[in-house]
Amino acid sequence: MTPIWTHEDAAAATGGTATRAFAVSGLSIDTRSIRPGEMFIALKDQRDGHDFVAQALEKGAGAALVSRRPEGVAEDAPLLIVPDVLPALEALAKAARARTRAKVVGVTGSVGKTSTKEMLRHVLSRQGRVHAAEKSFNNHWGVPLTLARMPQDADFAVIEIGMNHPGEIGPLARLADLDIAVITTVAAVHLEAFDSVDGIAREKAAIFTGLRLGGTAVINADLESTALLQKVAIEAGAEPVLFGHDGTRARLAETLLSGGGTDIAAELDGTRYEMHLSMPGRHFAMNAVAVLAVAQALGLDVAKAAADMGSWLPPAGRGTSESVLLEQGAVTLLDDAYNANPTSVGAAFEVLAATSPGPGGRRIAVLGDMLELGPQETEIHAALAAHPALSAIDGVVCVGPRMAALDAALPGAKRACRRSAAAMRSATCSSASPSMPPCAPDGPSAPRRCCAKGAPCAAAPKIPLPPAGCRVSCKCGDPSDPLRLDSPSSSPPGAPAGGFRSTCPCCTCRPPRRPPGNRTRHPFTRAMPPWPEDATSGWTSSAASRCSSS
């Protein structure tokens, strides 16, 4: 693999001192996922990354970016020693941007950043070499890390930029030195840190201060704050390109939602393009129009970009669909659980309403708390009860203290269940429906702990055994976990006959083979919920989550 940093280049960019010659193929901040040949970046958060340098080198890291030589690290270890690691990472990012010929696209917005970024990655990769942010790496760690990882020969780069507080987007946008900037939408998100939605709009508009002179600002035209966004873009010397429903250069002319996906007709400067997305969602349709506007601004084949949208799939937790097999039958699970705010929940309602259940089936929404909404969070949660798409939804399960406001505002017929978050981790609602009976208690030897601070489910649902040869793995390292189930007739000790009780949210199981294109999964093949924040065992366990903002 071609190295992206040699010790000479990295030392020149950061002003640091290399202890020996090295060449690295990538950068990593997480010893769990680091690959041989990558440079480990010893950032400091709740734990100090220097404590993990030795582990990174043992796993084959090609070098480590540090501010001191950590204890236990050999004298001849390949280190790049700098005064402060984060500014050094930013210096690598700036140098990587300066040496590439890539056209760099920045994406921000209250909702839709990651989906739009992934759409752009998918479409642009059909017309050149693309470098894009991993997962939702979009904050003061994630943006410089993404830039510093950029190959010199990339044709395009897509950088996601988020924020939690005022003053965060501008510096990241200027570091990225953008050719094109996209604002997907502005909505009531992070109101805890802003006095109004206008304050959020001003922060999002700061992305335009990172545009090169004459760059393109792709702006959602259907917002109350559109005029403000345009004004900031023009003041920054950018050319505004509006996308939306009416009177725009990139117009969403038609949208048809169905269980089979979304059919879209878009018009760019009067030319009509038709697209099909494999999942339903008006928000996906609007993001797709923004992507076509970017393709046009880059001088690419817009018709090809529109056609390529048909093979795009959303990232995990952002509208993906899968079939889960339960004793009662198959359940279609629409997973939009990565994050939540009023706009994204409303979009999820529309998607659920457009999905057709099987004979006798129902549409059930399971909702957790929306966070960082400020002093009006109770009213904002309750207002979801008035969303028009709820008329097509059979019931709502409200989880968490804030969602109690929505539960109280719902008509009685819509209340499928009301549970606290703790109760949902330990039991199934007996009131959810006649087809969802309460769980039988576990036997004395069936419960298993999860991680160092987890607790077993006191009443885990009985589910079918994994198929033959299915491997069950547990990140907790619990010695009581079965490592392999050789046949459907075998059960772990303490499990009831004919079923296996999942009590550990860290456990996953994948069958040895699955036919290509088969999206129907056994319950164990879907990853269980991620580790809770307080259950992470070290800095490296939670490092990836600290690269993301909204």
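Refer to the structure above for everything that follows.
Report on the accompanying structure. (Residues numbered from 1 in each chain as written. Predicted model: local features only at pLDDT ≥ 70, side-chain atom pairs only at ≥ 80, totals over all residues. Heavy atoms only, no water.)

Quick look at the overall build of the chain
- A tally of helices and strands in the chain yields 15 helices and 26 strands.
- As displayed, the chain offers around 24,000 Å² of accessible surface, 53% of which is attributable to carbon and sulfur atoms. (Helix = DSSP H or I, 4+ residues; strand = E, 2+ residues; numbered from the N terminus. Areas by Shrake-Rupley, 256 points an atom, 1.4 Å probe, with all protein chains shown as cover.)

A look at the sheet that holds strand β6 (residues 63-66)
- The strand order across the open sheet formed by five strands is β2-β7-β6-β5-β4, and the pairing between neighbours is mixed. With one partner strand each, in any of the chains shown, β2 (17-18) and β4 (26-28) form the two edges of the open sheet.
- Two elements, β2 and strand β7 (residues 79-81), share two bridges in a ladder whose sense is antiparallel. Looking at β7, one finds that Thr 17 is bridged to Ile 81.
- Contacts from helix α3 (residues 85-99) reach β4, β5 (38-41) and β6, with the element oriented near 120° to β6. (Pairing = 2+ DSSP bridges. Contact = heavy atoms within 4.5 Å. Axes fitted to C-alpha atoms, helices over the stretch in contact; angles between N-to-C directions.)

Concerning helix α4 (residues 113-124)
- For α4, built from 12 residues, the straight-helix expectation of 16 Å at 1.5 Å per residue is met to within 8% by its first-to-last C-alpha distance of 16 Å.
- Counting buried positions along α4 gives 11 out of 12 residues, so the element sits mostly inside the fold.
- All buried positions along α4 are accounted for by Lys 113, Thr 114, Ser 115, Thr 116, Lys 117, Glu 118, Met 119, Leu 120, His 122, Val 123 and Leu 124. (Expected span 1.5 Å × (residues − 1). Buried < 20%, exposed > 50% of the residue type's maximum accessible area, 1.4 Å probe, protein only.)

A word on the pairing of strand β17 (residues 320-326)
- For β17 and strand β18 (residues 329-335), the ladder comprises seven bridges, and the chain directions are antiparallel. Along β18, the bridge assignment pairs Ser 323 with Thr 332.
- Hairpin connection, β17 to β18: the antiparallel pair is bridged by two residues.

As for the sheet that holds strand β12 (residues 211-220)
- Strand order in the open sheet formed by nine strands is β9-β10-β8-β11-β12-β13-β14-β15-β16, and the pairing between neighbours is mixed. Two strands bound the open sheet, and with one partner strand each, they are β9 (130-132) and β16 (271-277). The sheet shows a mean angle of 20° between the axes of neighbouring strands, taken without regard to direction.
- Sheet analysis places strand β13 (residues 239-244) next to strand β14 (residues 250-258), joined by two bridges and oriented parallel. Pairing of Gly 244 across the sheet is with Arg 251, part of β14.

Structural notes on the pattern of salt bridges
- Counting across every chain of the model gives 22 salt bridges.
- Of the charged contacts, one joins Glu 239 and Arg 249 as a salt bridge, the two residues approaching to 2.9 Å between their closest N and O atoms. Of this pair, Glu 239 sits in strand β13 while Arg 249 sits in the loop between β13 and β14, and the two are 10 residues apart along the sequence.
- Given a relative accessible area of 33%, Arg 249 falls into the partly exposed group.
- Between Asp 369 and Arg 402 there is a salt bridge, with the nearest N and O atoms lying 3.5 Å from each other. Of the two residues, Asp 369 sits in the loop between β19 (364-367) and α12 (377-383) while Arg 402 sits in the loop between β20 (395-399) and α13 (404-409), which places them 33 residues apart along the sequence.
- Linked by salt bridges that have partners in common, Arg 97, Asp 177, Asp 179 and Arg 212 make up one network. (Salt bridge = Lys/Arg side-chain N within 4 Å of Asp/Glu carboxyl O.)

Some points on the pairing of strand β10 (residues 156-160)
- With five of five residues buried, β10 lies mostly within the body of the structure.
- The alternating pattern of β10 places Phe 156, Val 158 and Glu 160 and Ala 157 and Ile 159 on opposite faces, both of which are buried.
- Direction of pairing for strand β8 (residues 103-108) relative to β10: parallel, over a ladder of five bridges. When the bridges of β10 are listed, Lys 103 appears paired with Phe 156.
- Taken together, the three bridges between β9 and β10 define a ladder with parallel strand orientation. Each residue of the ladder has a partner; that of His 131, found in β10, is Ala 157.
- Read from β9 through helix α5 (residues 142-148) to β10, the crossover connection turns out right-handed. (Right-handed = clockwise from strand over helix to strand, strands pointing away.)

What to know about helix α11 (residues 342-354)
- When the terminal C-alpha atoms of α11 are compared, their 19 Å separation across 13 residues agrees well with the 18 Å that a helix rising 1.5 Å per residue should span.
- For α11, the set of buried residues is Ser 344, Val 345, Gly 346, Ala 347, Phe 349, Val 351, Leu 352 and Ala 354.

As for the packing of α4 against helix α9 (residues 282-297)
- Between α4 and α9, whose axes approach to 10 Å, the crossing angle comes to 45°. Considering their axes alone, α4 and α9 lie oblique with respect to each other. In the packing of α4 onto α9, the handedness of the crossing is right-handed. In this structure, α4 contributes Ser 115, Thr 116, Met 119, Leu 120 and Val 123 to the contact, and α9 contributes Phe 284, Asn 287, Ala 288, Val 291 and Val 294. (Parallel < 35°, antiparallel > 145°, perpendicular 65-115°, else oblique. Left-handed = near helix turned anticlockwise from the far one by under 90°.)

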